[in-house]
Amino acid sequence: MSESMSGLSVASPTERFVLQADAMTLAAAAQALGFDSDVVTSEARDNGAFALLWLGPDERLILAWQDQTPQIAPRVASALADQPHSLVEVTHRQVSRRLQGQSISELLNCGCPLDLEPTQFPVGRCSRTLFNKAEIVLWRRGSNDFHVEIWRSYADYFERWLIEAAQDLPVSTL
Amino acid sequence: MSNSRLPAGGRIDRSRPLRFSFDGKVYSGFAGDTLASALLANGVHLLGRSFKYHRPRGIMTAGPEEPCALVTVRRDEARCTPNLRATQVELYDGLCAFSQNRWPSLAFDIGQIAEWFSALLPAGFYYKTFMWPRSAWHKLYEPLIRRTAGLGKAPRLADPDRYAQQYAHCDVLVIGAGAAGLAAAQAAAASGARVIICDERPQMGGTLLLDDAARIDGRTTAEWVDATLGQLRANPRVRVLPRTTAFGYFPHNLIGLSERLTDHLATPPPGLARERLWQVRAREVVLATGAIEQPLVFPGNDRPGIMLCSAALHYLKHHAVLPGHRIVVASACDSAYRVARSLQAAGAKIVQFIDLRSQADRPALLALRESGVSCDSGLRIVATRGGNRVTGVDIARIDSSGALSERRSIDCDLVLMAGGYVPSVHLFSQSRGRLRYDETLQVFVPGESAEQERSAGACRGIAALAEALLDGARAGVAAAAAALGAGDSAIAVPNFTVERSANAAPPLDVPRAELATHGPKAFVDFQHDVTLRDLDLAVREGFRSIEHIKRYTTTGMATDQGKTSNLNALHHAARELGQAVPAVGLTTFRMPYTPVTFASFAGQARGELFDPVRRTPMHAWAVQQGAVFEDVSLWKRARYFPRGREDMHAAVARECRAVREHCGIFDASTLGKIAVVGPDAVEFMNRMYVNEWSKLAVGRSKYGVLLRDDGFVYDDGVVARVAEDRFHVTTTTGGAARVLAMMEDYRQTEWSDLKVWLTSTTEEWAVIALQGPRARELLAPLVDGLDISAAALPHMGVVEGTLQGVPMLLFRVSFTGELGFEVNVPASEGAKVIAALHAAGERFGLTPYGTETMHVLRAEKGFIIIGQDTDGTLTPDDVGLSWAIGKSKRDFVGKRALARPSMQRSDRKQLVGLLTRDPQVVLEEGAQIVDTPNQRAPMTLIGHVTSSYASATLGRSIAMAVVAGGRSRMGQTLYIPMPDGEIPVEVCNPVFYDPKGARLNV
Amino acid sequence: MLLIHCPHCGTRPELEFSYGGEAHIARPADPSLVSDEDWASYLYLRSNTKGVHAERWRHVRGCGRFFNALRDTTNDRILVTYKAGEKPPGEFR
Ligand SMILES: [Zn+2]
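Description of the structure in this document. (Residues numbered from 1 in each chain as written. Chains lettered and ligands numbered in written order. Predicted model: local features only at pLDDT ≥ 70, side-chain atom pairs only at ≥ 80, totals over all residues. Heavy atoms only, no water.)

Describing the overall build of chain B
Reasoning step 1: Broken down by element type, chain B carries 24 helices and 50 strands.
Reasoning step 2: Across the 1002 residues in chain B, those meeting the buried criterion constitute 60%.
Reasoning step 3: In chain B, of all internal contacts separated by at least 6 residues, the share reaching a separation of at least 24 is 67%.
Reasoning step 4: For chain B, the exposed surface amounts to about 38300 Å²; the carbon and sulfur share of it is 53%.
Reasoning step 5: Taking the 113 positively charged and 105 negatively charged side chains of chain B as two groups, their mean positions are separated by 2 Å. (Helix = DSSP H or I, 4+ residues; strand = E, 2+ residues; numbered from the N terminus. Buried < 20%, exposed > 50% of the residue type's maximum accessible area, 1.4 Å probe, protein only. Contact = heavy atoms within 4.5 Å. Areas by Shrake-Rupley, 256 points an atom, 1.4 Å probe, with all protein chains shown as cover. Lys, Arg positive; Asp, Glu negative; His and termini not counted. Charge placed at Lys NZ, Arg CZ, Asp CG, Glu CD.)

So, in structure tokens, the structure goes:
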């Protein structure tokens, strides 16, 4: 891997869940996970134990970082009790990749059509989008630091493409 | 060494001489040359043969507008690029180029015979001559035309180079880095905007670099260009892209750029992409694409050695090449005077200068005459001489009746044409901006914009240096202000002090309609060999719109898109029609501006990266077992597992027997899975699927059928109720995404009041099917004490448990007709679990089987495969699934349509079984069915074969088919007409094996 | 490639969206009460507008939501987008 793309690493949460519900219920779930409030549109937050990612107006992705024992379902299910919701485990459906390095936005732009300029896609922004023909969830954790969630059977395609494209990065303006 | 190269000057690097070859002959040039300039420096003017008449052609221009000098550049057998404009090919050491469209050699071309018969080849010739008979087209005419006409040949080997693609965004994209473009980029960048500036040439600066006498803010133009580019490159918010052609303007300010990265390098670094395709989304675009000088139309205007005035100036100033020593200049605008003086100063002799415009001598002409040049006003070139290079011209005065006077012959080795400049409005036109005809300039200029875009400089008719700089700066400021949401006045427009520019006079005052000089072989479109006479013919034959004239004559339709022909054709047609130019119209420009390689559009999406290749968690296990894979949508699925020298037939027969007699193991992970969750989940399922779900108990599953609202079968799969408010829905492999999308559509838009949500869990679970009479005894010891007896887990039962500690959702289901289980475990555990099951199953004769065996086994049981036995026109009843419909339900998707009379006709196509009279004959899937072979073609087709296999279990072939009124034809003999005779078949029930299902309920 | 304004996420490239046909064609609440002819036109007849056309899009590679757009079919301009279940904004009605 070239130096301009200093890292493609695995960043594995211990659990992943998709939570779908109305706004009130989502807010209650956010609190049960230790967040002050729910995330707003296209936002992702991380409190050390959990990450909460906005996927749609009524859809959140919850990641757990720490324990191997179930964390998300017990907390959310008990907090939501009788409020209508759907909590579905997707721990094994997808994998996580951490991308870090100076030209990482440019590298992602080899396949992702979004404007990743820091003012347009700031730290803390997350979105489902495309990387070429694969759907990804893209979350900017730092100016040169992205977290990507991708369905497991697409991960190989994603990684191969990044390695291929890293050779071609238009790093300098000549 | 030819004396065409001047001893000093130019922007070439004389310390770096380069060797190159053209048609096998070796020449030398310098770094900074193009192939065209280097050939001219070597006195080579003949570069190719024309498209239709095979006339010798040379170099007409010095840029992307070149219609004639098309060459093939070859690095090796695979890296061989045809149809490159020699005027854009940068020279490198060892460059190897070939002329095109000639045989046996460039100088003696047998195809030129076409010219001798050219009276037979007028406009519309192909249409008229080859219309009839039809059959002759493919066999005779097309191959003949393709061999004699046409451009270069594509290489036969795969392209070994790499190609990159990149998305980019900016506030201001500036296209063209001449005076206006550089000023625009500079101004926009100064205001803090994100800027991309691109130019198709290797050196930015455009015509500024030709204007070497001028001073901008006290600096030479070259110094000013270098300083400005230095500033831009130092700015981290600016990207400077030389060798980059903006080829397409797409909606909402998406611009396609093609950047050439290695074509100019003698030895491209290995691994470096050859080209990069940029998709730039710009908030604002500044078009600074300049203007293109037009040729003059006169008899024999296509000989090698006849070129544009601007091209000669370019070769002189950039490459220190004098393309000729005895020069005739034919001019229709003032710019030619300056070129003539420059060439004169460089040592050439202007043997004759004619100004076509008027009878009266202009001051510039008088001044030139004073320097000793023979100058005349109002004369025309009426003929040219020469074979592979021009050797002379005849000039004369033509009166209004067409009579010639003052005719004289002049010997020369170069003829220069100055037909006036035409703004390059290609990209503006592509953006759907409306062109406006400027009556004074007699050209089209950008009018009303359709995109967030503005034009600056010569591409909108502003050519004088000081004005172009200012126009560019204003455009840059306005674009930045618009992009950044600032007021126009918030950003100051820079000042430029311009002195001594040769570009001072507006050069666009050309009496275009009057310029064409009639006579034989007066070419308008040089690449498609369209002459004035062809245009006249089109008008005579009744064509009135330029769109039709263009298609009839093919003028402007070559790869150069009429950059040097459209306006001449239009003016001539308008004159012949007696109409104003705007009334005849201007054709729309299409992308690409200049040709772009296919590989560039493919980018990295080749081979393994063309499409994602999806592999299941058990893929490595299947590889170990020697699986042969097949593509099912994007998935790789194990098709069969050959042992030793088994072919597919043998392997499948063995796998089938193993499942029927012992047990088989199968990777079913690719089946789509959807979690339907929420208090209204059961209501949602009732509305979506044909089945009744209310009474399905937790821990039970059911075969579900999904229709579209038109009543036709869309998908199927086993659906389990895993909790009161939670269904585990499975779909077909190929249907996973579209079923989820369809459900999501109804959920969000029709039934948004329902409290239910959908989540794809396809990849959450690895699914391993165990099928066969011994499946239970094999599995029972592994499931950590779970009771999976027939009583505890009956057919279609579902239970949660663990398998050697791994969480498991266990289905008792069968797609084979045997006792069967489907073990669902977390995808990450799939590899481990299948290995454990496989090992444990060995003593039970457990055999891995693939999709092919799965297909045979299910066909023996008459189970359908969506998309194979159905085609989107079959109802549940047509395929024998009406039993699945919840009859008491008021509504479900597709129910209303099933009540339409046409859906209930008894002659609808229905699923049946077919048994061939000869049990060894396996029918072809897709074969058509007739009820009697004793009929004339075209026969009445009553159905087709949907599935067909050799069944090892039954010892004969079996087939499924859909046949009109099929269920009432049981026992009838039908026929499958095949090329070598009809195959008689008997209609039967599609369940071939264990029709009572005894093997299932054990 | 168009830019499309998702009412939930903002302006995004067309690649992220899927087209969903003409908008504001509600599925009859009780299809059994609908005549064959009306059902056929619900299924198959669309306005095929030249000009401003109300249509459904889904931000399928984004927030996943269906929404509506008014698009001028003569020039491919999207005039406005609005959430599913909503009527077009007043000035476009
Ligand atoms: Zn959205």
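Having seen the structure, we can now continue with the description.
Points about the interface of chain C and chain B
Reasoning step 1: Listed by partner, the interface residues are 29 residues for chain C and 30 residues for chain B.
Reasoning step 2: For the pairing of chain C and chain B, the buried interface totals around 2400 Å² over both sides, and the portion due to carbon and sulfur atoms is 44%.
Reasoning step 3: Interface area lost by chain C to chain B is led by Met1(C), Arg27(C) and Arg77(C), which between them contribute 28%.
Reasoning step 4: The interface formed by chain C and chain B holds six salt bridges in total.
Reasoning step 5: When the shortest N-O distance is used, the salt bridge between Arg56(C) and Asp745(B) registers 2.6 Å.
Reasoning step 6: Contributions of two or more residues to the side of chain C that touches chain B are made by helix H1 (36-44) and strand E4 (52-58) of chain C. (Buried area = accessible area lost by both parts, 1.4 Å probe. Salt bridge = Lys/Arg side-chain N within 4 Å of Asp/Glu carboxyl O.)

Quick word on the nonpolar core
Residue and element names in this part refer to chain B.
Reasoning step 1: Core analysis: the largest hydrophobic core is formed by 82 residues, its most contacted members being Leu35, Leu343, Phe353 and Leu416.
Reasoning step 2: Excluding anything up to four places from it in sequence, Leu35 contacts Phe20, Val71, Ala86, Val89, Leu91, Leu95 and Ala97.
Reasoning step 3: Of all hydrophobic cores here, the second largest spans 40 residues; its members include Ala185, Ala189, Leu209 and Ala288. (Core = buried A, V, L, I, M, F, W, Y, C linked by side-chain atoms within 4.5 Å.)

Regarding the coordination of the zinc ion
Residue and element names in this part refer to chain C.
Reasoning step 1: The coordination sphere of the zinc ion contains the protein donors Cys6 (SG), Cys9 (SG), His59 (ND1) and Cys63 (SG), at a distance range of 2.0 to 2.4 Å.
Reasoning step 2: For the zinc ion, the four donor atoms are set out with angles of 101 to 118° between them, so the coordination reads as tetrahedral.
Reasoning step 3: Donor residues binding the zinc ion come from one chain and are separated in sequence as C-x2-C-x49-H-x3-C. A residue pair is termed long-range when its members are at least 10 positions apart, and Cys9 in the loop between strand E1 (3-6) and strand E2 (10-13) and Cys63 in the loop between E4 and strand E5 (66-72) qualify at 54 residues.
Reasoning step 4: Using a relative accessible area of 2% as the deciding quantity, one classes Cys63 as buried. (Donors = N, O, S within 2.8 Å, 3.2 Å for Na, K, Ca; no water. Tetrahedral: all angles 85-135°; square planar, octahedral: opposite > 155°, others 65-115°.)

Let's talk about the pairing of strand E38 (residues 726-731) of chain B
All names here are of chain B.
Reasoning step 1: Taken across its six residues, E38 has five buried, putting it largely inside the fold.
Reasoning step 2: Bridging between strand E35 (residues 672-677) and E38 involves six bridges; their strand directions are antiparallel. When the bridges of E38 are listed, Lys673 appears paired with Thr730.
Reasoning step 3: Where strand E37 (residues 713-723) hands over to E38, the hairpin turn is made up of two residues, counted between the paired strands. (Pairing = 2+ DSSP bridges.)

Considering the sheet that holds strand E1 (residues 7-10) of chain A
All names here are of chain A.
Reasoning step 1: Overall, antiparallel pairing links the five strands, which are arranged E1-E7-E10-E9-E8 in an open sheet. In this open sheet, the two edge strands, each paired with only one partner strand, are E1 and strand E8 (126-131). Put simply, the sheet's adjacent strands are angled 30° from each other on average, direction ignored.
Reasoning step 2: As paired elements, strand E9 (residues 134-142) and strand E10 (residues 145-151) share six bridges and run antiparallel to each other. Residue pairing for E10: Trp139 is matched across the bridge by His147.
Reasoning step 3: Taken strand by strand, helix H4 (residues 155-166) contacts E1, strand E7 (94-100), E8, E9 and E10, and its axis lies near 15° from that of E7. (Axes fitted to C-alpha atoms, helices over the stretch in contact; angles between N-to-C directions.)

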